[in-house]
Each structure stands twice: as C-alpha cells, then as structure tokens.
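# What the coordinates show
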Amino acid sequence: MNRVLRSLVTGSLVGAAVGLVMLTGRRRGMMNTASTNNARGAVRMVRDNTMRWTSALKNGTEAFSRRMARRMQ
C-alpha cells in the first residue's frame, strides 16, 4: 500500500512538472511569429523518430522471439 501511495504522489508531481514546462513553452511560442514553421518541423521530427523507434522495437522483439523459439526446440 505504501508503494502505491508513493507512486501516485510521484506520478502526479511528474505530471504537474511536465504540464508547467508545456505551458511555459506554449507562452514563449505565442510570442514568436515563426512558431508555426518550427512546430511543423518539430512534428515531422517527432513522427520520424517515433517511426524509427517503433521499427527498432519491432525488429528487436522479433529477434528475441526467434531466439527463444530456437531455445525451446
């Protein structure tokens, strides 16, 4: 029970910190007139990174399952 309570408190603190960082970043972005172009570039970069990490995770999972299947035989 103690562990659950600690994890809830820690999670809420981390969530609050991330929210504050996002809000301050958004306010700074509103002052910048070229923020739309930067945002599009950031979205493209995040999308590309996500695709790369997803592909790597998929390949790693497949390789791990192949190794485990060989050991089971």
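Residues numbered from 1 in each chain as written. Predicted model: local features only at pLDDT ≥ 70, side-chain atom pairs only at ≥ 80, totals over all residues. Heavy atoms only, no water.

## Focus: the overall build of the protein
- The helix and strand tally for the protein stands at two helices and zero strands.
- Going through the 73 residues of the protein one by one, you find that 0% of them count as buried. (Helix = DSSP H or I, 4+ residues; strand = E, 2+ residues; numbered from the N terminus. Buried < 20%, exposed > 50% of the residue type's maximum accessible area, 1.4 Å probe, protein only.)

## A short note on the pattern of salt bridges
- Going through the model one piece at a time under the given rule, you end up with one salt bridge.
- In this structure, Asp48 and Arg47 form a salt bridge, with 3.9 Å as the shortest nitrogen-oxygen distance.
- Here Asp48 falls in the partly exposed class, since its relative accessible area comes to 40%.
- Judged by relative accessible area, which is 46%, Arg47 ranks as partly exposed. (Salt bridge = Lys/Arg side-chain N within 4 Å of Asp/Glu carboxyl O.)

## Focus: a nonpolar patch on the surface
- There is a patch of nonpolar side chains on the surface, built from Leu5, Val9 and Leu13 and spanning about 290 Å² of accessible area.
- When you line up the elements, Leu5 lands in helix 1 (residues 2–31). (Patch = residues over 30% accessible without salt bridge, like charges linked within 9 Å, V, L, I, M, F, W, Y side chains within 5 Å. Areas by Shrake-Rupley, 256 points an atom, 1.4 Å probe, with all protein chains shown as cover.)

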